[in-house]
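# Tertiary structure, described
Single-letter residue listing:
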Amino acid sequence: MNYLDKNVPPTREERLKACNTFGGTACGLVSSSKHGCLGSNDRGFLQSTGCQLGLTMAIAGTIPEAVIIFHGPVGCGSSQLSQAGLSKLNQQSRGNTVKITREWFSTNLSESEVVNGGVEKLEATIREVDRRHRPKVIWIASTCVPGVIGDDVDAVVQKVQHEVSAKVMPLHCAGFKTRIVATAYDVVYHAILRYLIDDPELNRELVFQDEVERFAYEEKRKRTVNLLNVGSMSRVDEDELVRLLKALNLEVNILPCFAPPDRFVRAKDAALCVSICATHDDYFVSHLKEIWNVPYILSTIPIGTDHIRKWLFEIADFFGIRDQAERLVAAEEAELKKALEPLKQALKGKRVYVSAGEIRAGAQAILFQNDLEMELIGVRAHHYDKYGDVLFQDLPDDLPVNVATSQPFEQVNLVKRANPDIYVGHVGGNVWSAKLGIPVLPIFGPLNNYLGYKGIFEIANRLARVLKNPSYYRTLGETEALPYKESWYQADPFKYIRQAPIPAETDPIDADIAA
Amino acid sequence: MSEYTFLEKPRISCALGGALATVNALPRTVALLHASLGCGGMTSNANQNGSGYLGSGYCGGNSIPTTSIGEREIVFGGLDRLEEQLRNTAEIIDADLFVVITGCTAEIIGDDVESTVREYNENRGDNPPAILASGAGFKGDSQWGYDSAMEAIFRSYVNPPIERKKGLVNVLGILPAQDVWWRGDLLEIRRILTGLGLEVNTFFTAQDSLDKIRQASEAELNIVLSPTHGVTTAEVAEELYSTPRLATGLPVGAKATTEFVLEIAKRLELDQAKVDAFLAEERRNYYQIFNRLADAYADIDLQRYAVVVGNVRYAHAFAKFVNTELGWITPLVVITDQVESSLRPALVDRFRDFLEDADAVVVFETDTSLIETHLAERWPRPDGGRYYQPFSPAFVLGSRLDKEFAEGLGISHLSVSYPVSNRVILNRGYAGFTGGLSLTEDIYTVALAAR
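Residues numbered from 1 in each chain as written. Chains lettered and ligands numbered in written order. Predicted model: local features only at pLDDT ≥ 70, side-chain atom pairs only at ≥ 80, totals over all residues. Heavy atoms only, no water.

## What to know about the overall build of chain A
From N to C terminus, chain A includes 23 helices and 16 strands. Here chain A has a C-alpha radius of gyration of 23 Å; the compact-globule value for 515 residues is 24 Å, and the two agree. Seen along its three principal axes, the alpha-carbon backbone of chain A occupies a region of about 65 × 60 × 55 Å. Scored against the burial criterion, the 515 residues of chain A give a buried share of 61%. Put simply, of all contacts in chain A between residues at least 6 apart along the chain, 77% involve residues at least 24 apart. Of the roughly 19,200 Å² of accessible surface on chain A, a fraction of 51% belongs to carbon and sulfur atoms. A gap of 5 Å separates the mean positions of the 58 positive and 65 negative side-chain charges of chain A. (Helix = DSSP H or I, 4+ residues; strand = E, 2+ residues; numbered from the N terminus. Rg over C-alpha atoms; globule rule 2.2 N^0.38 Å. Buried < 20%, exposed > 50% of the residue type's maximum accessible area, 1.4 Å probe, protein only. Contact = heavy atoms within 4.5 Å. Areas by Shrake-Rupley, 256 points an atom, 1.4 Å probe, with all protein chains shown as cover. Lys, Arg positive; Asp, Glu negative; His and termini not counted. Charge placed at Lys NZ, Arg CZ, Asp CG, Glu CD.)

Quick look at the structure:
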């Protein structure tokens, strides 16, 4: 795939037929996915979510020495206000102390720009940001209003680029363009691939002292992997994955989040790109392979022993060091198993409901079932595409599955019925289960550890702690009202979903696609 | 084009964010957004983390019913989606009032939302009524959004006044979420006004109800605790229901609150003896507690230089408090709102009763990184000589965004204005008598934290 000749990358709906609407079972979901039946599903009742603009910040907002300009009315960047302290902690834990990482601006579009266009304001803002802060990168996050009124942001970038010292990079992320907010990752990678990775200034050839040094660099390069992190993983998670990769004698180049701009250039030199999440990285790794010939591994996430093993073996196979990996995995699993034994007493048989992005939801569910012997009673995924199949096909066939970006009305209907012992979910959605009186473990956050072997232990440890005293949640359930009528809890949770019929397992896939 | 080309880290959200925070704070009221899919989530996020972990409340956060305008609606119009969303919201959401808030995309494509809302109301049967408020971000910021929502209440929801109700007042100009102390402040203002024998609509506390809010048109007076936002709503009420209005500052501490009470009493011609008795009791309680600080103040020297940073309401209220009650010196007060230059002198005048050099002290600055420049202009940096006057002991009373500024100066900092992401705010308030004591406590807890 190569979309780099286009100003704007395709949406996930266009590129992957991704969907965020489904109600049924794990088996039905995988079957629908394989038959390409999910793309047109939608709902007659919707609740608010974030948009792709917000999610672009999960990468763009972490790049050190970059300033963001939100090109839009004053509110579009305002959720950045919530990041002030957190962003500082996250940068510091990666050793980044440059203050301008946290600077952002709004072009503050008003009624007159809606009529006359906003490019003048954008140009003025870019010049002033460059003068005031001298950043390495200026991101232009273009929102709904310029999207509707037709501001040509790429033309502005071209015009202003040679007047300023920062690299100016457009993010085409108008919220109305896609309901699959993960399109945001493609939008950021698109800008990095189009504008940054071949930047002549950053690409100056390395100067070696002598042939010995050149040889050493080359040898190291052949053992270097790009480890693609995500904004919601912690420094501890990164350390854990680096520890495992180093145990295989590999060098690690971590990007894109919190990576200084020049690190992207070196990504082209690596022997292999290792993703932990296809939702996050497929656009980037595919282009890096297609254009710069860097191979990649994308198939799974190192959550739970089954998938850590799979992830490590795939990497090891690439380098021809399977034996080493098998020894590493055996030692790690033995040590972990011993450590988990006492915790499992508290967790075994506990009924758990999981909600997260498709990859993490699937892998996490498998972890609870296989590593902690908990009873899996339902899974919700933010959205779904073919990359989920490898995980969801390993879940029990009749496991209730809901694909929904947030949509707490479906969540509370499902969760109230299922009445789990614990709900494990993503930031923003947890509170609605909590208000039902159900204990919650928020695991996917930038300060939590959930990856690798340490992640399994950490989650088990935290789960046991939460279950030990759920009084806060119980009291909440007794004292707080949810905004739904009693009749809603009696209704079909998927009442407002309009979805294509789920194909039977036996339907021939090829015939279906041909039709 | 407004005078502001761009804003650095604006300490506000958009009209939709402000209207949403306001509607979410009304009793049993649910907002329905006719907007792009992210507008609700993004501004809720700003309100949640910027306002001391506000909480999504009854139907906020990612529970807000939304049409999620997409490419299809941009091209073909979004009224079908709005009609469907309204119908289905009424089917499953338990509420007594819906407020449809329109976002930028809905307003640019020109959907005739009014007619869809009218049709809904005509056929709603037992379902709750719906009213309409603009939340287009290009029309105004979140403070404008407060007025947009409150105007909608006054125009489309309150009863036509049957008769003017003696002793009933409405309190406007304390903005949910954006005035981070709104909950505690409204409770205290309500306590004080009730103490004066008045009946009060504060709109957003547990003591308020939609039934009472419907009677807001019968009030004797609209009290606006702000020189700007809230005033538009009061003007609408004046135009529609002939309700007079009184704009005051937000009273913080015994002195400002005494002035506030006397002003209200005069305006409503309350029984002076009763008012005096009330004030005497309040002041006695206040100073009995406040003056316990005296030992520490006198022994440790708790006077401070201070930079006060906040919106047009808070900058004034907190600067007045630290000047008049704590005996502090404020070389710089920063108002972070966008204020057109023609409107600035009147806002500076409000500082004259406690600042001799108000013109030199009060600045209008939206951009956080320029605040230190304003201080440097007023307080020369060390010149390398042995003797210079340090900016010490000193304090920054601002938002979370001003923390790095204070750290750079090596002085104390307390987040008291939006955004506050480093404190949890439940029912704490800084208004009135109770609030003055809380603010004193919080300030000196920080000042002495190293001990």
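## Considering the nonpolar core
Judged by nonpolar contacts, the single largest core of 273 residues is most densely connected at A:Trp139 and B:Leu193. With nine residues, the single largest contributor to this core is helix H9 (residues 183–196) of chain A. Contacts of A:Trp139, omitting those with residues within four sequence positions, involve A:Ala60, A:Ile63, A:Ala66, A:Val67, A:Ile68, A:Ile69, A:Met169, A:Leu171, A:Val188, A:Ala191 and A:Ile192. Counting 25 residues, the second-largest nonpolar core is a separate cluster that includes B:Ala90, B:Ile93, B:Ala95 and B:Tyr120. (Core = buried A, V, L, I, M, F, W, Y, C linked by side-chain atoms within 4.5 Å.)

## Quick look at the confidence of the model for chain B
Across chain B, pLDDT averages 96, with 100% of residues at or above 70. Complex prediction metrics read pTM 0.96 and ipTM 0.96. (pLDDT = per-residue confidence, 0-100.)

## Some words on the sheet that holds strand S9 (residues 305–310) of chain B
All names here are of chain B. On the basis of which strands lie adjacent, the open sheet formed by five strands has the order S11-S10-S9-S12-S13 and parallel pairing. Each edge of the open sheet is held by one strand with a lone partner, namely strand S11 (362–364) and strand S13 (412–415). Here the average twist between neighbouring strands, direction ignored, is 15°. Sheet analysis places strand S10 (residues 329–335) next to S11, joined by three bridges and oriented parallel. Its bridge partner lying in S11, Val334 is registered against Val363. Most of the contacts of helix H14 (residues 312–324) go to S10, to which it runs at about 170°, and overall it touches S9, S10 and strand S12 (394–398). Its contacts with the sheet place helix H17 (residues 371–378) against S9, S10 and S11, and it is angled at close to 145° to S10. (Pairing = 2+ DSSP bridges. Axes fitted to C-alpha atoms, helices over the stretch in contact; angles between N-to-C directions.)

## A short note on the interface of chain A and chain B
Contacts between chain A and chain B engage 70 residues on the former and 71 residues on the latter. Counting the surface lost from both chain A and chain B, the interface buries some 5,600 Å², and carbon and sulfur atoms represent 57% of this. Scanning the region where chain A abuts chain B turns up six salt bridges. Among the ionic pairs, A:Arg132 bridges to B:Asp367, the shortest N-O distance being 2.8 Å. Summed over the shared surface of chain A and chain B, the number is 30 residue pairs in polar contact (both at pLDDT 80 or more). Here the side of chain A that touches chain B gets seven residues from one element, more than from any other, and that element is helix H6 (residues 119–133) of chain A. Of the residues belonging to the side of chain A that touches chain B, the class tally is 29 nonpolar, 23 polar and 18 charged. Here strand S4 (residues 104–106) of chain A pairs with strand S1 (residues 7–8) of chain B via two bridges, running antiparallel. Along S1(B), the bridge assignment pairs A:Phe105 with B:Glu8. (Buried area = accessible area lost by both parts, 1.4 Å probe. Salt bridge = Lys/Arg side-chain N within 4 Å of Asp/Glu carboxyl O. Polar contact = N/O pair within 3.5 Å; in protein donor to acceptor, adjacent residues only side chain to side chain. Nonpolar A, V, L, I, M, F, W, Y, C, P; charged D, E, K, R; others polar.)

## Section: the side chain of B:Asn201
All names here are of chain B. Along the polypeptide, Asn201 turns up in strand S6 (residues 199–201). For Asn201, a relative accessible area of 1% gives the class buried. A polar side-chain atom of Asn201 sits 3.2 Å from a polar atom in the side chain of Asn170. Leaving out residues up to four positions away in the same chain, Asn201 has contacts with Val169, Asn170, Val171, Arg190, Asp208, Lys212, Ile213, Gln215 and Ala216.

## Digging into the domain arrangement of chain A
All names here are of chain A. The domain boundaries assigned to chain A delineate domain 1 (51–196), domain 2 (211–324) and domain 3 (342–498). When each unit is reduced to the centre of its C-alpha atoms, the spacing between domain 2 and domain 3 is 29 Å. In this complex, domain 2 contributes 29 residues to the contact, which on the side of domain 3 involves 26 residues. Summed over both partners, the interface of domain 2 with domain 3 buries about 2,200 Å², with 63% contributed by carbon and sulfur atoms. Counting the contacts that link domain 2 with domain 3 gives zero salt bridges. For the pair domain 2 and domain 3, the interface holds twelve residue pairs in polar contact (both at pLDDT 80 or more). Among the secondary structure elements, those contributing two or more residues to the side of domain 2 that touches domain 3 are helix H11 (235–247), helix H13 (278–292) and helix H14 (304–319). Looking at the side of domain 2 that touches domain 3, the element that brings in the most residues is H14, giving seven residues. (Domains from an automatic or database assignment.)

## Let's talk about the packing of helix H15 (residues 322–347) of chain A against helix H20 (residues 452–468) of chain A
Residue and element names in this part refer to chain A. Contact geometry for H15 and H20: axes closest at 10 Å, N-to-C directions at 5°. Here H15 lies roughly parallel to H20, going by the angle between them. From H15, Val329, Glu332, Glu333, Leu336, Ala339, Leu340, Leu343, Ala346 and Leu347 reach across to H20, where they touch Tyr453, Ile456, Phe457, Ala460, Asn461, Leu463, Ala464 and Leu467. Tallied by class, the residues present in the contact of H15 with H20 amount to 14 nonpolar, one polar and two charged. (Parallel < 35°, antiparallel > 145°, perpendicular 65-115°, else oblique.)

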